[in-house]
Amino acid sequence: MIKSMTGFGHCEITEGNRKFSVEMKSVNHRYLDANIRMPKKLNFFENAIRNLLKQSVHRGKVDIFITYEDMSESQVSLKYNETLAAEYLSYLKKMGETFSLENDIRVSTLSRYPEVLTMEEQPVDEDELWNGLKKALDGAISQFVETRTLEGEHLKEDLISKLDGMLNLVGEIEERSPKILAEYRAKLEEKVKELLEDTQMDEGRIAAEVVIFADKICTDEEVVRLRSHVNHMKETLLSDESGIGRKLDFIAQEMNREANTILSKANDLEVSNIGIELKTEIEKVREQIQNIE
């Protein structure tokens, strides 16, 4: 199944007093590059999130945004450090005695000293937290993959249409090749007749020249290979194989190589024009392939 590398997914899950929200989006990239933004409280789930993503996504630059809300009243608790408060008070009394200062310390003042009163988060059940987060992740990834698959189907249809057009162009080159030789022979004979006038032509010499010319412009091998590459790409697109983006890119490079050779050998305006059109279509195919996972 073909998947595009661009996609979007979103899911929000509420379980009890907890709410998890996951949003995903991606663009093209040679490899899988996941960027995760989430509250510090969930940082220890980063590896688990990456492993979960790898099960469904193989390529693309993926941005994942996670938000988490805990609406329970027992999220934090107030902690009183009596030992530290006593130590502060002891030193304050000592300072008052040493410097003959009035000890004006009040409870409200002492409570504001560092670490006397602190807010402490209550320990959470990691399994319970992960279960809620995973549900949101599963929902977002499912929608994310669905949008990539839908876009992938559109890419496949467009690519197959372009490949069919390329096969038609290859067919035109095959049809034109024998005519080029016939036209060359006719021109050569006409030229020789003009030069020799009444003298008899050497058919063997003309045949030899035609053979040399045919060998110079022959693109039979390149045309056969190009047709094979185009059909191979079509078969790959229609297969159930996943993660075919790199494979398609390699095939497109081979197609471009054969088209370049055909164009370099072309000694005919019509074939040259077809060769240029082929290279243009191959470039369009290569651009589309960059979007496939």
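Each value, and the rule that gives it
- Residues numbered from 1 in each chain as written.
- Predicted model: local features only at pLDDT ≥ 70, side-chain atom pairs only at ≥ 80, totals over all residues.
- Heavy atoms only, no water.
- Phe/Tyr/Trp six-rings, centres within 6.5 Å; stacked < 30°, edge-to-face > 60°.
- Helix = DSSP H or I, 4+ residues; strand = E, 2+ residues; numbered from the N terminus.
- Buried < 20%, exposed > 50% of the residue type's maximum accessible area, 1.4 Å probe, protein only.
- Contact = heavy atoms within 4.5 Å.
- Core = buried A, V, L, I, M, F, W, Y, C linked by side-chain atoms within 4.5 Å.
- Expected span 1.5 Å × (residues − 1).
- Arc of directions from axis to C-beta.

A. How the structure looks around the packing of aromatic side chains. Here the structure, examined in full by the defined rule, presents four aromatic pairs. The interplanar angle of 35° and the centroid separation of 5.3 Å between the aromatic rings of F45 and W130 together place this pair among those described as tilted. Separated by 85 residues along the polypeptide, F45 in the loop between β3 (32-37) and α1 (46-54) and W130 in helix α4 (residues 126-196) bring together distant segments of the chain. Accessibility classification places F45 together with W130 in one group, the buried group.

B. View of the environment of I262. Mapped onto the fold, I262 is located in helix α7 (residues 245-265). Sequence separation between I262 and I274 is twelve residues, and the spatial gap between their C-alpha atoms is 9.7 Å. I262 has contacts with I173, T219, E222, V223 and L226, leaving out every residue within four places of it along the chain.

C. Up close: the nonpolar core. With 28 residues, the main nonpolar core has M166, M233, L237, M255 and I292 as its most contacted residues. When contributions to this core are tallied by element, the ones reaching two or more residues are α4, α6 (220-238), α7 and α8 (269-289). Top element by residues in this core is α4. It accounts for nine residues. Ignoring anything within four residues of it in the chain, the contact list for M233 reads L163, L248, I251, A252, M255, V285 and I289. Of all hydrophobic cores here, the second largest spans 26 residues; its members include M24, I49, L129 and L137.

D. Spotlight on the side chain of S21. Tracing the backbone through its elements, the reader meets S21 in strand β2 (residues 18-27). Residue class for S21 comes out buried when judged on its relative accessible area of 13%. Discounting chain neighbours no more than four positions away, the residues touching S21 are H10, C11, E12, F65, I66 and T67.

E. α7, seen in detail. Given a rise of 1.5 Å per residue, 21 residues ought to cover 30 Å, and the 31 Å separating the end C-alpha atoms of α7 matches this to within 8%. Taken together, the buried positions of α7 are G245, L248, D249, I251, A252, E254, M255, N256, E258, A259 and I262.

F. Structural context of helix α2 (residues 82-98). Between the first and last C-alpha of α2 there are 24 Å, a value that for 17 residues agrees with the 24 Å anticipated at 1.5 Å per step. Within α2 the residues assigned to the buried category are A85, L92 and G96. Looking straight down α2, one finds that the buried residues subtend no more than 40° of arc, so they occupy a single side. Seen from the open side of α2, the exposed residues pointing more than 90 degrees away from its buried face are T83, Y91, K94, E97 and T98. S100 lies just past α2 and shows a positive phi near 55°.

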